[in-house]
Amino acid sequence: MKTISTVILFALAISLTSCGKQGGTSAADRTANALASYVAPGEKDEYYLFYSGGHSGQIFVAGIPSMRHIVTIPVYAPYPATGWGFDEESKKMMGGFEWGDVHHPALSQTDSKYDGRWLFANDNANNRIARIDLKDFKTHQILGPIPNSIGNHGSSFVTENTEYILCATRFSVPLPKGRVADPKDYPKEFNSMVSGIKVDPQTGEMKVGWQILTPPFDWDLGSTGKGPSSGWAFWTSYNSEMAHDLLEVNSTQKDRDYCAIVNWRAAEKAVADGKASMMDGVPILDPAKVPGVLYFVPIGKSPHGMDVDPSGKWIVAGGKLQPATTVLNFEKVQAAVSNKTFDGDFRGIPILKYEAVVEGEVPVGLGPLHTQYDGKGFAYTSMFIDSCIVKWKLPPWTDEEKKDLNKAVLDKVQTHFSTGHLVVAGSDTKNPYGKWLVAMNKLSAGRHINVGPSQPESSQLIDITGDKMKMVAESYTEPEPHFAQILKVSEINPNEILPKDENKDANAVWDKDATSVTRTGNKVLAKVLAIRSRFYPDRIDAQVGDELTVAVTNVEQTRDMIHGFGLIEHNINMVMDPGETKTFHIKLTKQGVFPFYCTNFCSALHQEMQGYLVVKPAGGASTGAAGGAP
Amino acid sequence: MQKWVANLLRREFKFLHKPLNASSRLFLLAAALFIAVSLFFPLWKMHLVAPQYSDGLDLFIFPYKIQGGGFNGQHLAEINNLNHYIGMKPLQQADFLEMIWMPFVFGFIILLLLRSIVFGAMSNVIDLFAIYTYFGLFSIGSFWYRLYQYGHNLDPKAPVHIQPFTPQLVGVKQIANFREFSYPQLGAYLLCVSVLLIVLAGWLSRKEQPA
């Protein structure tokens, strides 16, 4: 009896102890963590987190450390909340597509530091690149579909001074696009492509610069060089086997896959020297015929991320199917290139001798994907299979560490669950902010309140200021974050309105006397003004068969005084920010009286902000079947 | 009795004929400068704060213009836009006759000051003081009347009906969801100092003897 009560007391003691803990966190830690990520009402976050929305097609902006979602920047998919995809300008940018697959946002850089001008975002699905201007957090250009590029996944990686956005394709097809060949002839008929997208240094306007034709490997993630690796770029690949079916099996047979080491400055020069041939309007380099542009190095196994460290000397590939990251030494790469330390070639492209360029393989654990850096000599790798973040020491290693690289592995923190990408603030610059790491997890697997079968993705905020990493917060980031960029809030100062002088729309109207509805043949143009809490005019007359154009100007110049223009039963919702003019065209097909109204809550009399589109029957001045007024 | 009155008048007469010494004239010159400089600074500021406008909306009143605070003077348009809900007439510079005659009167006073410096008689200073004080009080009265008019001539068809009111001239007042703070600004202070300089100019020559 006494024994039993002792056991019960013991169990009670354990349960009491664990009461104060959750997931190994003491009550004091919980308080400290809560305070670390707490941003009180009215206070502001210290960093922006720009994270990709994957197949939602959008970019999302959250604050760090609060991890609160603050705003959505629509890019590739319609977003009625801001009217994106309904007005002519955004529809034209979207080019007839209604979704995209955004993977890797990249902030523009000058001298390998964020310059706060633009954010670029790739579309894996439709081979496009978008530019968001950080002056207004809006998408200003969508380039593509890029010719000769299929599966624009290995992008968008900006060069040190945003000369280029570099892209590599995940898929291979018979080129140019539109050519048909049997997938069985994959090695012979199919090709992949590396593209250099030229960025105008003043306007940010992008255009396709040149491309490098490659064997049909599936290029995966990459990054651009800096410092000693200035002018170079790096990608992993996962199908050196050149399999065309059942890739899960057939592309994972070799222990190593070829990674691409691209000298983009040499490529640029070769194109300028006329060494390219044209395909679908783009200068294309054949790397077998233009030596010095492309090298391969075999890295294990089906590697995923390939990240250059802030010094530009170390390049780390995540092993994915091997329990180690591979560290390349760029100085050794350069030596191997100049001494021609090759291990043969693949279709005329030199293969660098692995032993000559590798610094070491760090046994971080299972499923290493991506690596980020804090600028203090430490690397952080996401582990998909082990579901954790591993902190480890970059070279130079001590002799003892070299003997057993397990000793370079310093800390692990569990994530929930299966982290894909991770981001350390400023990791891809030469001066990372460090401080915070965000792990973007692929599975939440019921960790949240039960929301049924369509389950969200989680992101977790980890404090990396100490020797040991500390998870302080998690949030359910909009699906599906792939990669993200972190920018210090104080580095940009976006406009909160569009100043009247900067509105160049020919149909903008600023005074109610300038508003009009005019007819030319069957074309009706309405120039409408929106201000709290009215539209001028609030009646537009037209008839069935007319081509109606409505341009609405929000003449407010006060921040957050946003007006919408929703037209009943016509699939139209435009939202105009202060000072903005937006336009839609429709062909009127049904007669009737259709109210339009302000959709974006503006003022106490928002509900009253409305008008009518009167569509009379074709060819008649009659107001309806009954005719005549009472 | 008669003699007493006659003496007083003689003393008054003598006082008015006192010459102004160099210090007095210097003070008058300073007063003229202060008035000239005040033209370039706001006389008054009205600051309106509401929950949605936590940074506040500003209205600056200059001798020759009204100007809103914020980017491109946007606060004026914003205040007018808000006022339309209660049916208040929009504040437009063209409606303010004061903005034409005030700079003119400033110039006139400066001319009178220069005249006093040249003629150098106490009587000039007294004239100046009287005219200037009258002008100052009239302006403040006219400003108050403007405020009264704007707050009382409200459009009866306005969507929001509120009790007619007079915005605060000096101090703080709650008007619907707004808290109004109204205070004189640098221009007004410069003008006050110029009055003080004129009084001091007279004081400094009080013991001078008529020639």
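Residues numbered from 1 in each chain as written. Chains lettered and ligands numbered in written order. Predicted model: local features only at pLDDT ≥ 70, side-chain atom pairs only at ≥ 80, totals over all residues.

S.K.: Sorry, what's going on with the overall build of chain A here?
M.R.: The helix and strand inventory of chain A stands at nine helices and 43 strands. For chain A, whose C-alpha radius of gyration is 28 Å, the value lies close to the compact-globule estimate of 25 Å for 630 residues. Once the C-alpha set of chain A is aligned to its principal axes, its extents read approximately 95 × 85 × 45 Å. Here chain A holds 630 residues, and 48% of them are scored as buried. Sequence-distant contacts in chain A: of pairs separated by 6 or more residues, those separated by 24 or more amount to 60%. (Helix = DSSP H or I, 4+ residues; strand = E, 2+ residues; numbered from the N terminus. Rg over C-alpha atoms; globule rule 2.2 N^0.38 Å. Buried ≥ 20, exposed ≤ 12 C-beta atoms within 10 Å, placed from the backbone. Contact = placed C-beta atoms within 7 Å.)

S.K.: Is there a simple way to think about the interface of chain B and chain A in this case?
M.R.: Interface size is commonly expressed as the accessible area that is lost once the parts come together. At the junction of the two partners, chain B supplies six residues and chain A supplies six residues. Of the residues contributing to the side of chain B that touches chain A, the split by class is two nonpolar, three polar and one charged. (Nonpolar A, V, L, I, M, F, W, Y, C, P; charged D, E, K, R; others polar.)

S.K.: I would appreciate a short explanation of the sheet that holds strand β28 (residues 409-414) of chain A in the present structure.
M.R.: Hydrogen bonds between backbone atoms are what pair the strands of a sheet, whose relative direction is either parallel or antiparallel. All names here are of chain A. Strand order in the open sheet made by the four strands is β25-β26-β27-β28, with antiparallel pairing throughout. Of all the strands in the sheet, the pair left with one neighbour each is β25 (368-373) and β28. In this sheet, adjacent strand axes meet at a mean angle of 25° when their direction is disregarded. By the bridge criterion, five bridges tie strand β27 (residues 388-393) to β28 in an arrangement that is antiparallel. Bridge pairing in β28 links Val390 to Lys412. (Pairing = 2+ DSSP bridges. Axes fitted to C-alpha atoms, helices over the stretch in contact; angles between N-to-C directions.)

S.K.: Whenever I open this one, the domain arrangement of chain A confuses me. Can you help?
M.R.: Residue and element names in this part refer to chain A. When cut into domains, chain A gives domain 1 (47-491) and domain 2 (500-616). For domain 1 and domain 2, the distance between their C-alpha centroids amounts to 43 Å. Residue-level contacts link six residues of domain 1 with nine residues of domain 2. Taken together, the residues of the side of domain 1 that touches domain 2 break down into two nonpolar, two polar and two charged. (Domains from an automatic or database assignment.)

S.K.: Help me understand the nonpolar core in this model?
M.R.: A general tendency of soluble globular proteins is for nonpolar side chains to be buried together. Within the largest apolar cluster, 121 residues are counted, with the highest numbers of intra-cluster contacts made by Ile165(A), Cys259(A), Ala260(A), Val262(A) and Ile486(A). Judged by nonpolar contacts, the second largest core, of 33 residues, contains Ala551(A), Leu567(A), Met576(A) and Phe584(A). (Core = buried A, V, L, I, M, F, W, Y, C linked by C-beta atoms within 7 Å.)

S.K.: Hey, could you run me through helix α6 (residues 264-272) of chain A in this one?
M.R.: An α-helix turns once per 3.6 residues; consequently, residues spaced three or four apart project the same way. Residue and element names in this part refer to chain A. All of the buried residues in α6 are Trp264, Ala267, Ala270 and Val271. Projected down its long axis, α6 shows its buried positions confined to an angular sector of 115°, all on one face. Immediately downstream of α6, the backbone of Gly274 shows phi near 80°, a positive value. (Arc of directions from axis to C-beta.)

S.K.: What exactly am I supposed to notice about helix α7 (residues 330-339) of chain A here?
M.R.: All names here are of chain A. Turning to α7, its buried residues are Phe330, Val333 and Ala336. Looking straight down α7, one finds its buried side chains confined to an arc of 115°; they lie on one side. Across from the buried face of α7, at angles greater than 90 degrees, the exposed residues are Ser338 and Asn339. Tucked inside the fold, the buried residues of α7 contact β15 (256-263), β20 (314-318), β21 (325-329), β23 (349-352) and α8 (354-357). Lys340 occupies a position one or two residues after α7 and carries a positive phi of about 55°.

S.K.: I would appreciate a short explanation of the sheet that holds strand β1 (residues 47-52) of chain A in the present structure.
M.R.: Residue and element names in this part refer to chain A. The antiparallel open sheet is built from four strands, whose spatial order is β3-β2-β1-β33. With one partner strand each, in any of the chains shown, β3 (69-74) and β33 (484-488) form the two edges of the open sheet. Averaged over all pairs of adjacent strands, the angle between their axes in this sheet comes to 20°, without regard to strand direction.

S.K.: I would appreciate a short explanation of the packing of helix α2 (residues 22-38) of chain B against helix α6 (residues 186-204) of chain B in the present structure.
M.R.: The packing of two helices is summarised by the inter-axis angle and the distance between the axes. Residue and element names in this part refer to chain B. For the pair α2 and α6, the least separation of the axes is 8 Å and the interaxial angle reads 165°. On the basis of their axis angle, the class for α2 and α6 is roughly antiparallel. Like other packed secondary-structure pairs, α2 and α6 cross with a definite hand, here left-handed. Facing α2, whose interface residues are Ser23, Ser24, Phe27, Leu28, Ala30, Ala31, Phe34, Ile35, Val37 and Ser38, α6 presents Gly187, Leu190, Leu191, Val193, Ser194, Leu197, Ile198, Leu200, Ala201 and Leu204. (Parallel < 35°, antiparallel > 145°, perpendicular 65-115°, else oblique. Left-handed = near helix turned anticlockwise from the far one by under 90°.)

S.K.: For this particular structure, what's the right way to read unusual backbone geometry?
M.R.: Most peptide bonds take the trans form, and the phi angle of most residues other than glycine is negative. All names here are of chain A. Following Arg532, the chain continues into Ser533 via a peptide bond in cis, with omega recorded as -10°. Positionally, Ser533 belongs in the loop between β35 (523-531) and β36 (534-536). The omega torsion of the bond from Tyr536 to Pro537 falls at -10°, within 30 degrees of zero and hence cis. Along the chain, the position of Pro537 falls in the loop between β36 and β37 (539-543).

S.K.: Can you walk me through the packing of helix α4 (residues 98-119) of chain B against helix α5 (residues 122-152) of chain B in this structure?
M.R.: All names here are of chain B. One can describe the packing of α4 onto α5 by two numbers: an axis separation of 10 Å at closest approach and a directional angle of 165°. Put simply, α4 runs roughly antiparallel to α5. In the crossing of α4 with α5, the sense of the turn from one axis to the other is left-handed. On α5, the residues that touch Glu98, Met102, Val105, Ile109, Leu112, Leu113, Arg115, Ser116 and Phe119 of α4 are Asn124, Val125, Leu128, Ile131, Tyr132, Phe135, Ser139 and Ser142.

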